[in-house]
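Fold and contact review
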Amino acid sequence: MSTFFLVQYLREQQKEHVMHTVHHKKHLLTRVRRIAGQTQALEKALESGSDCNDILQQIAAIRGAVSGLMTEVIEGHIREHLANDEITPEKRSKDVEQVIKTLKSYLK
């Protein structure tokens, strides 16, 4: 799992119609900032030599937060773009392939 792929996906979507991320921008940024805080806490825990269980728990929390963010963005993308009746079949096919590519990268 890598946040790199999530960021890459979000950047690709900025080139397209990203209505769902614009509408939920504040909420999504709050989640991203929370993840950044968790990552900083993990770094400090590693630097200070914290207990392995504490470090593992922090890693699990970060993974859960990133997964939740990814789920929310993908759900919005599917609802706003792929389920949109106004989209052409060609565009829908292209978007489906992008989502599949992103999910494959994310789930490695």
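Data block above holds the structure.
Read on for an overview of the structure. If you're wondering where the values come from, they're calculated on a predicted model, not measured in any experiment.

Once that is clear, we can look at the overall build of the chain. Scanning the chain from terminus to terminus reveals five helices and zero strands. Going from N to C terminus, the chain has its helices and strands arranged as α-α-α-α-α. Of all 108 residues assigned to the chain, the portion counted as buried reaches 28%. In the form shown here, the chain has an accessible surface area of approximately 7600 Å², with 56% of it arising from carbon and sulfur atoms.

Here we come to the pattern of salt bridges. This structure, assessed with the given rule, holds three salt bridges. A salt bridge links R31 to E72, with the nearest nitrogen and oxygen atoms 2.4 Å apart. With a gap of 41 residues between them, R31 in helix 3 (residues 25–48) and E72 in helix 4 (residues 52–82) connect regions that are remote in the sequence. Of the charged contacts, one joins R79 and E75 as a salt bridge, the two residues approaching to 2.9 Å between their closest N and O atoms. One end of the pair, R79, and the other, E75, are both in helix 4, four residues apart, so they sit about a helical turn from each other. With a relative accessible area of 58%, R79 lands in the exposed category.

What follows is about the nonpolar core. By size, the foremost hydrophobic cluster in this structure holds 13 residues, and its most contacted members are I35, V66 and L69. Of all the secondary-structure elements, those providing two or more residues to this core are helix 3 and helix 4.

Position of K94 relative to the elements: it lies in helix 5 (residues 89–106). Linking K94 and L82, residues twelve residues apart in sequence, is a C-alpha distance of 9.8 Å.

A few words on helix 4. Taking 1.5 Å of rise per residue, the 31 residues of helix 4 would be expected to cover 45 Å, and the 43 Å separating its terminal C-alpha atoms lies within 8% of that figure. Residues of helix 4 that are buried include every one of I55, I62, A65, V66, L69, M70, V73, I74, G76, H77, H81 and L82, and no others. Its side-chain oxygen 3.1 Å from the backbone nitrogen of N53, D51 forms the N-cap of helix 4.

Let us now look at the packing of helix 3 against helix 4. Where helix 3 contacts helix 4, the axes come no closer than 10 Å and their chain directions differ by 160 degrees. As summarised for this structure, helix 3 and helix 4 are arranged roughly antiparallel, according to the angle between their axes. Crossing of helix 3 against helix 4: the hand is left-handed. When helix 3 is examined against helix 4, the residues H27, L28, R31, V32, I35, Q38, T39, A41, L42, A45 and L46 are found in contact with a partner set consisting of I55, Q58, I59, A61, I62, A65, V66, G68, L69, E72 and V73. Taken together, the residues of the contact of helix 3 with helix 4 break down into 15 nonpolar, five polar and two charged.

On to the environment of V32. Along the chain, the position of V32 falls in helix 3. A relative accessible area of 37% means that V32 is categorised as partly exposed. With 33 residues separating them in the primary sequence, V32 and A65 have C-alpha atoms 8.6 Å apart.

Cut-offs and rules
- Residues numbered from 1 in each chain as written.
- Predicted model: local features only at pLDDT ≥ 70, side-chain atom pairs only at ≥ 80, totals over all residues.
- Heavy atoms only, no water.
- Helix = DSSP H or I, 4+ residues; strand = E, 2+ residues; numbered from the N terminus.
- Buried < 20%, exposed > 50% of the residue type's maximum accessible area, 1.4 Å probe, protein only.
- Areas by Shrake-Rupley, 256 points an atom, 1.4 Å probe, with all protein chains shown as cover.
- Salt bridge = Lys/Arg side-chain N within 4 Å of Asp/Glu carboxyl O.
- Core = buried A, V, L, I, M, F, W, Y, C linked by side-chain atoms within 4.5 Å.
- Expected span 1.5 Å × (residues − 1).
- Polar contact = N/O pair within 3.5 Å; in protein donor to acceptor, adjacent residues only side chain to side chain.
- Axes fitted to C-alpha atoms, helices over the stretch in contact; angles between N-to-C directions.
- Parallel < 35°, antiparallel > 145°, perpendicular 65-115°, else oblique.
- Left-handed = near helix turned anticlockwise from the far one by under 90°.
- Contact = heavy atoms within 4.5 Å.
- Nonpolar A, V, L, I, M, F, W, Y, C, P; charged D, E, K, R; others polar.

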